[in-house]
Amino acid sequence: VGHCHPDIVKAAHEQNQLLNTNSRYLHDNLVDYAERLSKTLPEKLCIFYFLNSGSEANDLALRLARQYTKHEDVIVLDHAYHGHLTSLIDISPYKFRNLEGQKEWVHVAPVPDTYRGLYREDHEDSVTAYADEVKNIIEHAHKKGRKIAAFFVESLPSVGGQIIPPAGYFQKVAEHVHKAGGVFIADEIQVGFGRVGKHFWAFQLQGEDFVPDIVTMGKPIGNGHPLACVATTKEIAEAFAATGVEYFNTFGGNPVSCAIGQAVLDVIEKEHLQAHATEVGNFLMKILKEQQIKHPIIGDVRGCGLFIGVDLIK
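For every chain, the first residue of the written sequence is number 1, and numbering continues from 1 along that sequence. A pLDDT threshold of at least 70 governs which residues receive local features in this predicted model, and a stricter bar of 80 or more applies before side-chain atom pairs are shown or counted, although totals over entire chains, interfaces and linings include all residues. For the side-chain quantities, the full set of heavy atoms in the structure was used; hydrogens and water were omitted.

1. A few points about the domain arrangement of the chain
Part 1 of the argument: Note that domain bounds follow an automatic or database assignment of domains. If you check the domain split of the chain, you get domain 1 (6-271) and domain 2 (272-313).
Part 2 of the argument: If you look at the interface, domain 1 gives 23 residues, while domain 2 gives 18 residues.
Part 3 of the argument: Summing both sides of the interface, domain 1 and domain 2 together bury roughly 1700 Å²; the carbon and sulfur share of this comes to 56%.
Part 4 of the argument: The quantity reported as buried area is the accessible area (1.4 Å probe) lost by two parts once they are put together, taken as the sum for both. When the buried surface of domain 1 facing domain 2 is broken down by residue, Tyr 115, Gln 162 and Arg 195 rank first, second and third, together holding 34% of it.
Part 5 of the argument: Salt-bridge detection follows one rule: a side-chain nitrogen of Lys or Arg within 4 Å of a carboxyl oxygen of Asp or Glu. On inspection of domain 1 and its partner domain 2, the count reaches 1 salt bridge.
Part 6 of the argument: Arg 116 is paired through a salt bridge with Asp 311; the nearest N and O atoms lie 2.6 Å apart.
Part 7 of the argument: Whenever a nitrogen or oxygen atom comes within 3.5 Å of another N or O atom, the pair is scored as a polar contact, on the condition that within protein one atom can donate a hydrogen and the other can accept it, and that pairs from neighbouring residues in sequence are kept only if both atoms are in side chains. The interface formed by domain 1 and domain 2 includes 14 residue pairs in polar contact (both at pLDDT 80 or more).
Part 8 of the argument: Within the side of domain 1 that touches domain 2, the residues separate by chemical class into 11 nonpolar, 6 polar and 6 charged. Contacts between residues were defined by any pair of non-hydrogen atoms, one from each residue, lying within 4.5 Å. Each residue receives one of three labels: charged for Asp, Glu, Lys and Arg, nonpolar for Ala, Val, Leu, Ile, Met, Phe, Trp, Tyr, Cys and Pro, and polar for the others, Gly being one of them.

2. Overview of empty space enclosed by the protein
Part 1 of the argument: Lining residues are those with an atom within 4 Å of a point, where the points come from a 1 Å grid over the protein atoms alone and group into cavities, where a 1.4 Å probe fits but cannot get out, or pockets, open sets with protein on both sides within 12 Å along at least five of seven lines. Grid points are joined across faces, edges and corners, and a volume is the space filled by probe spheres set on the points. Summed over all chains, the structure comprises 1 cavity of 30 Å³ or more.
Part 2 of the argument: Estimated volume of the largest cavity: approximately 70 Å³.
Part 3 of the argument: As for the largest cavity, its lining consists of 13 residues, of which Leu 77, Asp 78, Ala 80, Glu 154 and Pro 157 are closest to the centre.
Part 4 of the argument: With 3 residues, the top contributor of residues to the lining of the largest cavity is strand β4 (residues 148-154).
Part 5 of the argument: Broken down by class, the residue content of the lining of the largest cavity amounts to 7 nonpolar, 4 polar and 2 charged. Numbering of helices and strands runs from the N terminus, with a helix taken as a DSSP run of H or I at least four residues long and a strand as a DSSP run of E at least two residues long.

3. Re unusual backbone geometry
Part 1 of the argument: Even without a glycine there, the phi angle at Lys 70 is positive, about 65°.
Part 2 of the argument: Along the polypeptide, Lys 70 turns up in the loop between α3 (54-69) and β2 (73-77).
Part 3 of the argument: Positive phi, normally seen in glycine, also occurs at Gln 162, with a value near 50°.
Part 4 of the argument: Each residue gets one of three labels from its accessible area relative to the maximum for its type: buried under 20%, exposed over 50%, partly exposed in between, using a 1.4 Å probe on protein chains only. Take Gln 162: its relative accessible area is 17%, and that puts it in the buried class.

4. Some points on helix α8 (residues 234-241)
Part 1 of the argument: For α8, the full list of buried residues reads Ile 236, Ala 237, Ala 239 and Phe 240. Seen along its axis, α8 keeps its buried residues to an arc of 160°; they face one direction.
Part 2 of the argument: The elements touched by buried residues of α8 are β1 (47-51), α3, β5 (183-187), β6 (214-217) and β7 (228-232). Here, the arc refers to the directions that run from the helix axis to the C-beta atoms.

Structure (C-alpha cells):
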C-alpha cells in the first residue's frame with residue numbers, strides 16, 4: 001500500500017504505545033484480524049496461523065499437509081521458488097538445481113506456460129495436457145511406493161516468468177491430487193492482496209468454484225512489516241492439533257503486527273487499490289502491446305492487474 005503510508009505508521013505507533021507481547025497472551029487484535037482476513041477468503045478457509053515471514057508460512061503449510069495426509073512427497077512446478085528455509089529450498093527447483101539437487105520426495109511438473117512451455121496456445125487442450133503431466137507424476141510416484149502429501153504452487157508463478165496458468169488448470173490438478181490423498185497449497189505470497197485487480201486472491205482467477213486446501217500469505221500483508229499467515233480448513237487444522245504438539249510462534253500474531261495487518265486491509269479498501277491495480281495494469285498492458293507491434297524482440301506480453309511479464313526473444 002506504499003512506503004511509510006501514514007495509516008500504517010499510525011496503527012503501528014498507537015499499538016506500540018499500548019502493548020506488544022508475545023502471542024501466549026490473548027489479545028483482541030489477533031481475533032479481529034483473523035475475522036477480517038476470513039471475509040476475503042472462501043468460507044472453507046477459516047483457520048488462521050500467524051507468522052513472521054512468507055518462508056515461515058510455506059514451511060508451516062508443508063507441515064500441515066504432511067500431518068493431515070500422513071504422506072511425505074510434494075509436487076512443485078519447474079523454476080518455482082517458495083522460500084529460504086531448508087525445507088523450502090528442497091521444493092524450489094529455482095534454488096535446488098544450483099545446490100544439492102532434487103530430493104527423492106520432490107517431483108517437478110512442467111510450468112503451465114502456453115507461450116514457451118510444452119503445450120502452447122495452438123494446442124487443442126493445454127489445460128488437460130498440463131494437468132495430465134501432474135497425473136503422470138502421481139502414477140509414477142505410486143509405482144515407486146511413494147505417496148503425495150501436496151501440490152505446492154504459486155497461484156501465478158512469478159520467478160518462473162510471470163506465468164498466467166490457463167483457467168481450469170488448478171481444478172483438474174486438484175482432482176488428481178485429492179484422488180491421491182494429497183492437498184492443494186496455493187502460495188499467494190507475491191500475488192495476493194488485490195495485486196491481480198479483478199480478485200483479491202490470484203487463485204480466484206481460476207474460477208469461483210476453485211478453493212485451495214491451504215493458502216499462504218506474506219510480503220504485502222504487512223506492508224514491509226514482518227507478518228505472514230497460513231489459512232486452512234478445520235479438518236486440516238484439527239489433524240495438526242491432534243498430534244498434541246501445539247503450534248506456537250513467539251511473535252506471530254503479536255498485537256502490533258495484527259494492528260498493521262488490519263490497517264493494510266483498511267487502506268486497500270479505502271483507497272480502492274484493487275480497482276487501481278486493474279486500471280493501471282490495463283494501461284501498462286496496452287502500452288506494452290503497442291511496443292510489441294513495433295519491436296520484434298518482444299515475443300509476449302502477459303499479465304493481470306499489476307502482475308505483468310514481458311518475454312524478450314532473439
